[in-house]
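# Commentary on secondary and tertiary structure
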Amino acid sequence: MAQQRNQQDSLRFSCSICLDLLKDPVAVPCGHSYCMKCIQSFWDEEDRKGIHSCPQCRKTFTPRPVLEKNLLLAELVEELKKTGLQAAPADHCYAGPEDVACDVCTDRKLKASKSCLDCLVSYCEKHLQPHYDVAAFKKHKLVEPSKKLQENICSRHDEVMKIFCRTDQQSVCYLCTMDEHKGHDTVPAAAERAEKQKELQVSRTNLQQGIQEAQKDVKLLQQQVEAISGSADKTVEDSEKIFTELIRLIQKGSSDVKQQVRSQEEAEVSRVKERQEELEQKITEMKRIDAELEQLSHTEEHIHFLHKYRSLSALSESTHSSSINIRPLRYFKDMTAAVSELRDKLQDSLRETWTKVSLTEVDVLLSEPEPQTRADFLKRSCELTLDPNTANTHLLLSERNRKVTVMSQQQSYSSHPDRFIRWQVLSKESLTGRCYWEVEWRDEEFDVAVAYKNMNRAERFGSNDKSWIFHIEKELFSTRYSHSFCHNKIHTEVSGPPSSRVGVYLDHRAGILSFYSVSKTMTLLHRVQTTFTQPLYAGLCFYDYGDTAELIKVQ
């Protein structure tokens, strides 16, 4: 009772502006009281409008009232403070639309402090007190304020649901266990909660471990990103320096060639002009003699003519006979040819080197798993054709260069340095990245291979470190087949089912080469893990006339 009276006093002697006990209380003309500083600040804001009002009743005053401290009210507040009077609850203690309100408060409802799962009621601090003081309430389960208390009430029997039906995986009341859930596996909700709590803790432990591991991976990947970026920046910087030096060397070579050509030009032109001047002097002399002879021909004195002609005729005998042999300017053409040859060699070297550069990739932590089903493999399928320039002269290509047949007569192929001496052929397309293709064959013995383009054309696939083959051979007088893998003359026997079609999967970057028997299902025959340093080419190898194989256009 005293507490309720104290609360009412605190409401009466509180300033409605600051919600605290009155300080230097003043009364405005309408009779409401405020702290002097609070009402003055409030009216200071209203000075711009020229009208002053009461914050509670909104009555207006003109002009602004002069305020005096209410001494009696101030003394009363001070006396009440000595009795333990405190400020009224602030607005933030009252329940708003998003808050859980006290179910017991009758006037303006305060925020709930706790909700009781036994009472199914939410209480503010004041109305919660019996749960702390009364022995019967002390056993009740108090939780944080909740708006979902009614979810604990059985909609059918209007009873608290304290039982969990494991059969139907739902909460029920004790009456439910007597009808629709009769005979079901039921336990107290608290017992089910305890069991699920253990499972939850295990799940949380696993999740936290997963989070820690994922965070480590994220940190590792971030370090990888930083390492990649740092390495890329350094590579760009070094590459720019190298290319700058390469450009400088090419420019110097161009300058040297230009200087050499101009020097040769100057020497040759000087020699030709020297000969030209000699001839021009000779022409002048012959013209002088011809003029004297022409003048002598008109002389009437016989003695003078004869005497003069004898001296002039001796000079006229020194006539010009051409000794100039104009040869083709081979030097400059040879120089152009030499520069062109240098350009071609440089282009070839750059093309080969650039292919290696383009194949060089950064090894990161992430990798793509090898396909599992044929549908997955077909997503990586590549359409290959065979290169006529590599085919042995006994190999006939057909079906748009996808099919090969071994012929007894040689084919009319032109001479080419890429042509194999043995019954072998390579694909026209290079293989990099991830790719898959299939080969179908119908004979006693056959090889499917991959190889670098620069392997020796006199060697057989698998006999060097630049080629890999999978060999299939039908056993004599049997329907069984034997399989083997060979690289650099090292043979590995392989077991597997017979098949007229072989699938080949290549992950160039990862260095994975796999061979599969293809029928209704795909069976792995052999897989090799290595490092590929150049683009690869698909290869086929044959052993007898009439043998045939085809690169299948898979779909």
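Worth saying up front: this structure is predicted, and the values here are computed from it rather than measured. (Residues numbered from 1 in each chain as written. Predicted model: local features only at pLDDT ≥ 70, side-chain atom pairs only at ≥ 80, totals over all residues. Heavy atoms only, no water.)

Moving on, we come to the overall build of the protein. Each helix and strand in the protein was counted, giving nine helices and 23 strands. The buried share of the protein, taken over its 555 residues, is 29%. Taking all contacts inside the protein whose residues are at least 6 apart in sequence as the whole, residues at least 24 apart take part in 55%. With an accessible surface of roughly 36900 Å², the protein has 52% of that area assigned to carbon and sulfur atoms. (Helix = DSSP H or I, 4+ residues; strand = E, 2+ residues; numbered from the N terminus. Buried < 20%, exposed > 50% of the residue type's maximum accessible area, 1.4 Å probe, protein only. Contact = heavy atoms within 4.5 Å. Areas by Shrake-Rupley, 256 points an atom, 1.4 Å probe, with all protein chains shown as cover.)

Right, let's get into the sheet that holds strand β10 (residues 186-188). Taken in spatial order, the three strands of this open sheet run β9-β8-β10, and their pairing is antiparallel. Strands at the two margins of the open sheet, each flanked by one partner only, are β9 (170-172) and β10. Adjacent strand axes in the sheet meet at a mean angle of 35 degrees, parallel and antiparallel pairs treated alike. Across three bridges, strand β8 (residues 163-165) lies against β9 in antiparallel orientation. Bridging across to β9, Phe164 finds its partner in Ser171. Set on the sheet, helix α6 (residues 189-296) makes contact with β8 and β10; between it and β10 the angle comes to about 90 degrees. (Pairing = 2+ DSSP bridges. Axes fitted to C-alpha atoms, helices over the stretch in contact; angles between N-to-C directions.)

This paragraph deals with the sheet that holds strand β20 (residues 512-518). If you walk across this open sheet you meet the seven strands as β11-β12-β23-β14-β19-β20-β21, and the pairing is antiparallel. Two strands in the sheet have a free side with no partner beyond their single neighbour: β11 (395-398) and β21 (522-529). Each neighbouring strand pair of the sheet contributes to a mean axis angle of 20 degrees, computed without reference to strand direction. Two strands pair when backbone bridges link them, and β11 and strand β12 (residues 403-406) are joined in this way by four bridges, in the antiparallel orientation.

Before going further, it helps to examine the packing of aromatic side chains. In total, this model carries 13 aromatic pairs according to the counting rule given. With a centroid separation of 5.5 Å and an interplanar angle of 75 degrees, the aromatic rings of Phe420 and Phe461 are classed as edge-to-face. A residue pair is termed long-range when its members are at least 10 positions apart, and Phe420 in the loop between β12 and β13 (424-426) and Phe461 in the loop between β15 (445-452) and β16 (467-474) qualify at 41 residues. For the pair shown, Phe420 and Phe461 are each scored as buried. Members of the aromatic cluster, joined through ring pairs, are Phe377, Tyr436, Tyr505 and Tyr516. Sitting above the plane of the Phe420 ring, Arg457 keeps its charged end 4.5 Å from the centroid. (Phe/Tyr/Trp six-rings, centres within 6.5 Å; stacked < 30°, edge-to-face > 60°. Lys NZ or Arg CZ within 6 Å of the ring centre and 35° of its normal.)

For side chains bearing opposite charge, pairing can occur when the charged atoms are close. Here the structure, examined in full by the defined rule, presents 28 salt bridges. Two residues, Lys162 and Asp118, come together in a salt bridge whose shortest N-O distance is 3.9 Å. On the criterion of sequence distance, the pair formed by Lys162 in the loop between β7 (142-143) and β8 and Asp118 in the loop between β5 (114-116) and β6 (121-123) is long-range, its members being 44 residues apart. For Asp118, a relative accessible area of 31% gives the class partly exposed. Measuring nitrogen to oxygen at the nearest pair gives 2.7 Å for the salt bridge that ties Glu180 to Arg156. In this pair, Glu180 sits in the loop between β9 and β10 while Arg156 sits in the loop between β7 and β8, placing the two residues 24 residues apart along the sequence. Judged by relative accessible area, which is 45%, Glu180 ranks as partly exposed. Accessibility expressed as a relative area gives 53% for Arg156, which makes it exposed. Salt bridges linked by common partners bring Arg166, Glu192, Glu195, Lys196 and Glu199 together as one network. (Salt bridge = Lys/Arg side-chain N within 4 Å of Asp/Glu carboxyl O.)

Let us now look at the UniProt feature "coiled-coil region" (unreviewed entry) in the protein. The UniProt record marks residues 204-231 and 262-299 with the feature "coiled-coil region" (unreviewed entry), using the residue numbering of this structure. Each end of residues 204-231 is marked by a C-alpha atom, and these two atoms are 39 Å apart; helix forms 100% of the span and strand 0%. In residues 262-299, the share of helix is 92% and the share of strand is 0%. The end C-alpha atoms are 55 Å apart. (UniProt positions renumbered as here; feature names shortened; annotations may be inferred.)

Along the polypeptide, His52 turns up in strand β3 (residues 52-53). Accessibility expressed as a relative area gives 5% for His52, which makes it buried. Leaving out residues up to four positions away in the same chain, His52 has contacts with Trp43, Glu46, Asp47, Lys59, Thr60, Phe61, Pro63 and Arg64.

The next point concerns the pairing of strand β23 (residues 548-552). Most of β23 is tucked away: five of the five residues are buried. Of the two faces of β23, the one lined by Thr548, Glu550 and Ile552 and the one lined by Ala549 and Leu551 are each fully buried. Direction of pairing for β12 relative to β23: antiparallel, over a ladder of three bridges. Its bridge partner lying in β23, Val404 is registered against Ala549. When strand β14 (residues 434-441) meets β23, the two strands line up antiparallel, connected through four bridges. Across the sheet, the residue bridging to Glu438 is Ile552, located in β23.

Membership of the largest hydrophobic core comes to 37 residues, with the highest contact counts inside it found for Trp437, Leu513, Leu540 and Phe542. Not counting residues within four places of it along the chain, the set of residues in contact with Leu513 comprises Val450, Trp468, Val504, Tyr505, Leu506, His526, Arg527, Val528 and Phe532. Core analysis: the second largest hydrophobic core is formed by 16 residues, Phe13, Val28, Val77 and Leu80 among them. (Core = buried A, V, L, I, M, F, W, Y, C linked by side-chain atoms within 4.5 Å.)

Checked against the element boundaries, Ile51 lands in the loop between α2 (36-46) and β3. In this structure, the C-alpha to C-alpha distance between Ile51 and Pro63, residues 12 residues apart in sequence, is 7.3 Å. When residues no more than four places from it in sequence are discounted, the contact partners of Ile51 are Glu46, Thr60 and Phe61.

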